[in-house]
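# Summary of the model geometry
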Amino acid sequence: MNFEELNLDPKIMRAVTEMGFEQASPIQAKSIPIAMEGKDMIGQAQTGTGKTAAFGIPVLQRVDPHKKKLQTIVLCPTRELAIQSANEIRKLSKFMHGVKVLPIYGGQEISKQIRSLKGGVQVVIGTPGRVIDHIRRHTLKLGELETIVLDEADEMLNMGFVEDIETIISKTNPEHTTMLFSATMPEGIKKIAKNYMKPDYKHIQVKQKTVTANTVKQYYFEVKQKDRFETLCRIIDSETVQSGIIFCRTKRSVDEVTEQMQKANYNVEAMHGDLNQDHRMRTLKKFKEGTIHYLIATDVAARGIDVENISHV
Ligand code: AMP
């Protein structure tokens, strides 16, 4: 679905275009129309599926920029997520003058948050503990709240925030809309839905975007382009690598990395679509036997390769 079909406020549409979004992701295509009508909903989706915009867009669509009062609260489990979501929603609201979006979380000086809140914030993204703190200090008033979003609700439950969430919901205007996002649907979530959401709420599910095995540890390193090769070598030198695959985006970079590594005396071979089938089979055989330590490949060439004892990718 194209964003044009969603009849968004032209200011939001402009931001969406500037952010480079062309098609709405499945969770967005399904949730945005429901939330724009003010219906309650549960979106079963993971991070990476575009769920921030799935709630951010309808929230902004309903915000009245002239009303300098809190209209939406997004509760999320961690400060990192609060900051990340606030940044995304700020980008979406870039052309909506008068709309203020503020992350509030533990660990940041409360007086600074109070000052910002006094400036008239319509959208708050916060962690439950800090939100309650502000409610007790009367620096956050939920009486005119239009929408509450529970993001990563299952994580918040796991972290023991259920009572805080219930306390917060009990302070809201009963007419509000609830959007709940969760990767899984444990009993605790069903209970929240039953107790606090309108009985005709919609349950939306989207397929998992990527599947990662939790037995695989994942790291990433930020490096400058010019330091990439050196960094790669240092990393693999500092690890005990049984055997590894190094993926490159293009055939040419496979050849370049292979050549550089061979010069540096690494035991490596290239694998990509321009090498003939025989050569590839021989390389793969040697890799399986362990006579080649690293395979350097494009993902296309390496697709479906089944090799045991690969310790690093
Ligand atoms: P999220 O699941 O909300 O953390 O989003 C994951 C990433 O996808 C973020 O970097 C978003 O900016 C991006 N994103 C969200 N919606 C879209 C879309 N419709 N098209 C392209 N990228 C998107």
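Provided above is the structure to which this section pertains.
Quick summary incoming for the structure in this document. Keep in mind it's a predicted model, so treat the numbers as computed, not measured.

Moving on: the site of the ligand. Every residue close to the ligand is listed here: Phe3, Phe21, Gln23, Ser25, Gln28, Thr47, Gly48, Thr49, Gly50, Lys51, Thr52 and Glu88. Take glutamine 23: an N or O atom from its main chain is 2.8 Å from a nitrogen atom of the ligand. Here threonine 49 contributes a backbone N or O atom positioned 3.1 Å from an oxygen atom of the ligand. Its free accessible area being 500 Å², the ligand has 68% of it covered by the protein chains. Taken together, the residues of the shell around the ligand break down into two nonpolar, eight polar and two charged.

So, about the sheet that holds strand β5 (residues 147–150). Taken together, seven strands build an open sheet; the order of strands is β3-β4-β2-β5-β6-β1-β7 and the sheet is parallel. Each edge of the open sheet carries a strand with a single partner, namely β3 (101–104) and β7 (202–205). For this sheet, the mean angle separating the axes of adjacent strands, direction not counted, is 15°. Of the pairings in the sheet, the one linking strand β2 (residues 72–75) to strand β4 (residues 123–126) comprises four bridges and is parallel in character. Residue pairing in the sheet places leucine 75 in a bridge with glycine 126 of β4. Where helix α2 (residues 26–36) meets the sheet, its contacts fall on β1 (41–44), β6 (177–182) and β7, and the angle it forms with β7 comes to roughly 165°. Across the face of the sheet, helix α9 (residues 187–196) comes into contact with β1, β5 and β6 while running at roughly 175° to β6.

Next up on the list: the environment of proline 26. For proline 26, the position within the fold is in helix α2. For the pair proline 26 and serine 182, spaced 156 residues apart in sequence, the C-alpha separation works out to 15 Å.

Cut-offs applied
- Residues numbered from 1 in each chain as written.
- Predicted model: local features only at pLDDT ≥ 70, side-chain atom pairs only at ≥ 80, totals over all residues.
- Heavy atoms only, no water.
- Near = heavy atom within 4 Å.
- Polar contact = N/O pair within 3.5 Å; in protein donor to acceptor, adjacent residues only side chain to side chain.
- Areas by Shrake-Rupley, 256 points an atom, 1.4 Å probe, with all protein chains shown as cover.
- Nonpolar A, V, L, I, M, F, W, Y, C, P; charged D, E, K, R; others polar.
- Pairing = 2+ DSSP bridges.
- Helix = DSSP H or I, 4+ residues; strand = E, 2+ residues; numbered from the N terminus.
- Axes fitted to C-alpha atoms, helices over the stretch in contact; angles between N-to-C directions.
- Contact = heavy atoms within 4.5 Å.

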